Amino acid sequence: MLSYRSLVAAGLLLIAAVPPLAWWWEASLVRHMLMQIPMLVLAGFLLGTLVAPSPDLGVREERAGGIAAVLLATFCVTFWMIPRWLDAAVASHRVDAIKIMTLVLLAGLPLAWGWPRLGPVARGFVWVQAISMAIVLGLLYLTFPNRLCNSYLVNEQAILGIAMLGIAGFLGLAGAVPVLFGANNGSPAPRHPGARVDP
Amino acid sequence: MVAENPRVFTIDEAGRRIVAANLVVAGAVLLAMMLLGLTMRLGQSGWLEVPPARFYQIMTVHGTGMIGIAALGGITVMWYFLSQYVRLSTHILTANLLLFLIGVVIILTADFIGGFAAGWTILFPLPTHGAVWPAEAAFWHLLGLMLVGAGLLLVALDFGRALIARYGSLGRSHGWPQLFGLSNDPLPPPTVIAGTMVTIVTTLTVIGGASIMVPMMINALNPAFTINPLLAKNVIYFFGHSLANVTIYMAVVVIYELLPLFAGRPYKASRIFVAGWTGSTIMVLIIFPHHLFMDFAMPQWASGMAQVLSFTNSFPAMLVTGFGALALVHRSGIQWSLVSGLLFLSLFGWLAGIVPAVIDATIVVNSVMHNTLWVPGHFHFYMLLGVIPMILAFMLYLTRDRLGRSPEKDSDMWALIVYLGAGLGFVLVFLYSGRHSVPRRWAVHWPEWMVYDRFASVFAALVILAAAFFIVRFLIGLRHFLSGR
Amino acid sequence: MQELVWDIALLVIAAIAAIFLTVAVRAKQLIDPDRIHAFTYGFRAKAFAALVIVGIAVAVITLRQLPYVKSSAVPVSQVVNASGFQWYWDLDRASAVAGQPVEFRVTGGDVTHGFGIYDDSGRLLAQTQAMPNYTNRLLYTFDTPGTYRILCLEYCGIAHHGMVSEFEVTAP
Ligand code: HEM
Ligand SMILES: [Cu+2]
Ligand SMILES: [Cu+2]
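Colleague: Would you mind showing me how to read the overall build of chain C here?
Modeller: Tallying secondary structure elements over chain C gives two helices and nine strands in all. Element order for chain C, N to C, with α for helix and β for strand: α-α-β-β-β-β-β-β-β-β-β. Rg of the C-alpha trace for chain C: 24 Å, well past the compact-globule value of 16 Å for 172 residues, more than 25% over. With the C-alpha coordinates of chain C rotated into their principal frame, the extents come out at 70 × 40 × 35 Å. Expressed as a percentage of its 172 residues, the buried residues of chain C come to 44%. Per element, the accessible surface of chain C, about 8500 Å² overall, is 62% carbon and sulfur.

Colleague: Would you take a moment to explain the domain arrangement of chain C for this structure?
Modeller: Where the parts come together, the accessible area they lose is often given as the size of the interface. Under the domain assignment used here, chain C contains domain 1 (2-62) and domain 2 (78-170). Taking only C-alpha atoms, the centre of domain 1 of chain C and the centre of domain 2 of chain C are 40 Å apart.

Colleague: Help me understand the packing of aromatic side chains, please; the structure alone is not making it clear to me.
Modeller: The geometry of an aromatic ring pair is captured by two quantities: the separation of the ring centres and the angle between the planes. Evaluation of the coordinates by the stated rule reveals 43 aromatic pairs over all chains. Between Phe 104 of chain C and Phe 115 of chain C, the aromatic rings sit 5.2 Å apart at their centres with planes inclined by 50 degrees, giving tilted as the arrangement. Of this pair, Phe 104 of chain C sits in strand β4 (residues 101-108) while Phe 115 of chain C sits in strand β5 (residues 113-118), placing them 11 residues apart in sequence. Accessibility expressed as a relative area gives 0% for Phe 115 of chain C, which makes it buried. Through a chain of ring-to-ring contacts, the aromatic side chains of Trp 89, Phe 104, Phe 115, Tyr 140, Phe 142, Tyr 148 and Phe 167 of chain C assemble into a single cluster. A cation sits over an aromatic face here: Arg 117 of chain A above Trp 113 of chain A, 4.1 Å from the ring centre. Sitting over the ring of Tyr 167 of chain B, Arg 166 of chain B keeps its end group 4.6 Å from the ring centre.

Colleague: I'm lost on the pairing of strand β7 (residues 136-141) of chain C in this one. Help?
Modeller: Within a regular strand, the side chains alternate between the two sheet faces. Residue and element names in this part refer to chain C. Going residue by residue along β7, you find Asn 136, Leu 138 and Tyr 140 tucked away on one face and Arg 137, Leu 139 and Thr 141 left uncovered on the opposite face. Bridge count for β4 against β7 is six bridges, and the pairing is antiparallel. Opposite Val 102, over in β7, you have Tyr 140 as the bridge partner.

Colleague: Just checking my understanding: could you explain the coordination of the copper ion (ligand 3) for this structure?
Modeller: For a metal bound by four donors in a tetrahedral arrangement, the ideal donor-metal-donor angle is 109.5 degrees, while six donors in an octahedral arrangement ideally sit at 90 or 180 degrees. Residues and elements named next belong to chain C. Distances from the copper ion (ligand 3) to its protein donors, Cys 152 (SG), Glu 154 (O), Cys 156 (SG) and His 160 (ND1), fall at 1.9 to 2.4 Å. Each of the four donor atoms bound to the copper ion (ligand 3) contributes to angles spanning 88 to 121 degrees, and the resulting shape is tetrahedral. Linear spacing of the donor residues for the copper ion (ligand 3) on their chain is C-x1-E-x1-C-x3-H.

Colleague: Where do I start with the side chain of Ser 165 of chain C in this structure?
Modeller: Residue and element names in this part refer to chain C. Here Ser 165 lies in strand β9 (residues 164-170). On the accessibility criterion, Ser 165 (16% relative accessible area) is buried. When neighbours within four sequence positions are excluded, Ser 165 is seen to be in contact with Trp 89, Leu 91, Tyr 148, Arg 149 and Ile 150.

Colleague: So what exactly am I meant to see when it comes to the coordination of the copper ion (ligand 2) here?
Modeller: All names here are of chain C. Taken together, the protein ligands of the copper ion (ligand 2) are His 113 (ND1), Cys 152 (SG), Cys 156 (SG) and Met 163 (SD), with distances of 2.0 to 2.4 Å. For the copper ion (ligand 2), the four donor atoms in the first shell make angles of 99 to 131 degrees at the metal, so the coordination geometry reads as tetrahedral. The distance between the copper ion (ligand 2) and the copper ion (ligand 3) comes to 2.5 Å, and Cys 152 binds to both of them. With respect to class, Cys 152 is no different from Cys 156; both count as buried.

Colleague: Please explain the environment of His 291 of chain B as it appears in this structure.
Modeller: Residue and element names in this part refer to chain B. Among the secondary structure elements, His 291 is positioned in the loop between α10 (271-286) and α11 (300-312). Looking at His 291, the relative accessible area reads 25%, which means it is partly exposed. Distance in space between the C-alpha atoms of His 291 and His 241 is 8.5 Å, their sequence separation being 50 residues. Here His 291 is in contact with Lys 233, Tyr 237, His 241 and His 370, once residues within four sequence places are set aside. A distance of 3.3 Å separates polar atoms of two side chains, one belonging to His 291 and the other to His 241. A polar side-chain atom of His 291 sits 3.3 Å from a polar atom in the side chain of His 290.

Colleague: Which parts of the structure should I look at to understand the pattern of salt bridges?
Modeller: For side chains bearing opposite charge, pairing can occur when the charged atoms are close. Within the structure shown, the criterion is met by 11 salt bridges over all chains. Of the charged contacts in the structure, one is a salt bridge between Glu 154 of chain C and Arg 441 of chain B, with a shortest N-O distance of 3.8 Å. Of this pair, Glu 154 of chain C sits in the loop between β8 (146-152) and β9 while Arg 441 of chain B is found in the loop between α16 (410-435) and α17 (450-482), placing the two residues in two different chains. Taking relative accessible area as the criterion, Glu 154 of chain C reaches 3% and is therefore assigned buried.

Definitions and cut-offs
Residues numbered from 1 in each chain as written. Chains lettered and ligands numbered in written order. Predicted model: local features only at pLDDT ≥ 70, side-chain atom pairs only at ≥ 80, totals over all residues. Heavy atoms only, no water. Helix = DSSP H or I, 4+ residues; strand = E, 2+ residues; numbered from the N terminus. Rg over C-alpha atoms; globule rule 2.2 N^0.38 Å. Buried < 20%, exposed > 50% of the residue type's maximum accessible area, 1.4 Å probe, protein only. Areas by Shrake-Rupley, 256 points an atom, 1.4 Å probe, with all protein chains shown as cover. Domains from an automatic or database assignment. Phe/Tyr/Trp six-rings, centres within 6.5 Å; stacked < 30°, edge-to-face > 60°. Lys NZ or Arg CZ within 6 Å of the ring centre and 35° of its normal. Pairing = 2+ DSSP bridges. Donors = N, O, S within 2.8 Å, 3.2 Å for Na, K, Ca; no water. Tetrahedral: all angles 85-135°; square planar, octahedral: opposite > 155°, others 65-115°. Contact = heavy atoms within 4.5 Å. Polar contact = N/O pair within 3.5 Å; in protein donor to acceptor, adjacent residues only side chain to side chain. Salt bridge = Lys/Arg side-chain N within 4 Å of Asp/Glu carboxyl O.

Take a look at the structure:
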């Protein structure tokens, strides 16, 4: 079935992962981290939305599965944010192929499956972690005096650092605005105060 | 919407158990940390031999542990009362306690066995450059802090989830539509408004804490990764200031909820109340540069702003909560009891504790007071005589003194008087030592300072006796609370 | 300064305590809640106005005498370079002449320390942070000759309390 989403996913993969273009993205630290990697994850995510069954939130195991899937995705993305592995991907085509596959299949895909299965607290937790990870990376890239990656120059690190802080700010606003000013009308007070719920 | 305070608080079996567990842990850790505090005072007074390395480990554990239990106790108070208006999760509160306990074990190991002693403020680069403790000890201490923070974050997120489910958004549960004249609905109850503030501040605090602790942990593993020390200090004090302060905004709802029961008058939110709490939400998060007045490299506008905002930050506490609560009690025929007495005392401790804080937040004063004992003087004031009595009042309310109907004994009143008198003496000695320029965080005191330390030791011992009395009372009464009588 | 600050603090704390005591003592003299409402909230508006006025006055006065040195400040003939290390002070000169400003250029060699100048009676006169990567300029004019001491005022590890150096100030 050729849906809109699968077309976009295929297009993203074509742009981000097919060699001459892929090397162009990887030639710059900022393009590599902030454009190629997100495109790969997004492609995997879109593919995932096509194949993942819709969640049955009444089932406990579903939620646990959701958490596991998102954790997997987080680890995968974090791994490829480590300068040493970025370097390795630039240096070796084989590592680069692994990077592309894992980001699509082990980050994007599980995210699409896991995210809808997370409860609001778990989502908030992931969101908050994402913000602080972006700040951490921003601080590190911004203040690290030497080259972190052999393949890239120091001045690119500073740009990346600022961009990371920008991403943190964006994630923060994107989370805060609906939470503070969202327009749903709420629900009546609980009839049995002090009662327990499963978030 | 619920406009008035409920007359009766209800809680189900599972909720009772986890609330009790939290309070037992908080009470036990409180006493242990107080004893460590006394050990420090005895060491400084020359009455007890405390080797400096041990002193600074104790100082680190005491500060971290006290802030930890203030947060644990505070969030339990908030959880209990907030659960009267929105549906909260007992699982999350349990997860928080587990994370707290694991974190405490890791921190105790890192500090007392690993030797980590960088103080509760973990000012970079000291944690990883302690010279005598290994960087791994810093790694583990920070990991322990992260676990405690993760637990608090979970509870805050659960508050947020529940508030949004009930009110639609945090803006609404904060009362903003009414504040800005966009809605004529009745305001949310005070506890809901305070709970919203706590949700926002706690979440941002944990983001700040994680953002600086992870780089420091990386630095512990690989010293080549460093952070700019001034930037680190800003983030650390954003985190530390907000965390230490939000504990009182958690615990203060016990005043909003219980004082009306004793005074027989309702405590309602008003637009001024909303404005005050909105001001607090914002100011608590941005006045931290008052910890950096002596960093001359800070931009001057930041220091000036921090001084002015530190003044105005006292307005909501003084004029909204303080005034409101005093008006509530004034000529109300309030029933004095152990609980209402502790509540009244805690309000005094909070307001009076603001005074030395605001004074020290004046840059010219800070030049001669910063990092003297004036500083522990001001925060022990509102912690020891503010936050802690709020939590103690809550404990005793749950377990025995429902509206003072159980007869008060003389010993109860004596305990209250000793706590207040000795507590006041203890913090005033800190302040007085600050007046005489005695530096803060000195394991070994000069002979001319020791007379203050000796007075402080005696006061501290008395405070501990009174606190132990309250906590034993709480433990004895716990059965009744658990049986849901 | 310290005496003034202590007196003000004590006075205001005592005033707050007096208010609490009054409320506690008079709590049993019942009064209609509506009357109390009108009375106290009128009072609150006045208290708010008073706090704002006092606050502005204090801010205006105190913010005009900040300890921060601008780079174009008066030329200073006496310059002391000071670095804090775990656990000692490294001063390139340990004396100065009274009556003329001294510029202390303060930095930290390993971790952050605090540079606090004490007189021989043990009173803190001025301070600045001694942070790695930064040099803070602290301007101070000693009025009287004598032996002064530099104490570490930022916790820097387990011999923090041992970081004391002497500083001689001689008559001009
Ligand atoms: C009997 C009660 C207490 C005693 C005897 C005590 C004693 C002390 C002493 C001696 C210090 C070190 C002072 C110095 O810098 O030389 C200290 C620091 C501290 N205390 Fe307490 N304290 C008590 C209660 C509390 C409470 C209730 C809290 C908060 C809820 C608290 C929080 C702290 C903090 C955060 C520090 C700073 C630690 C650091 O510098 O890293 N204390 N206390
Ligand atoms: Cu030092
Ligand atoms: Cu020091």
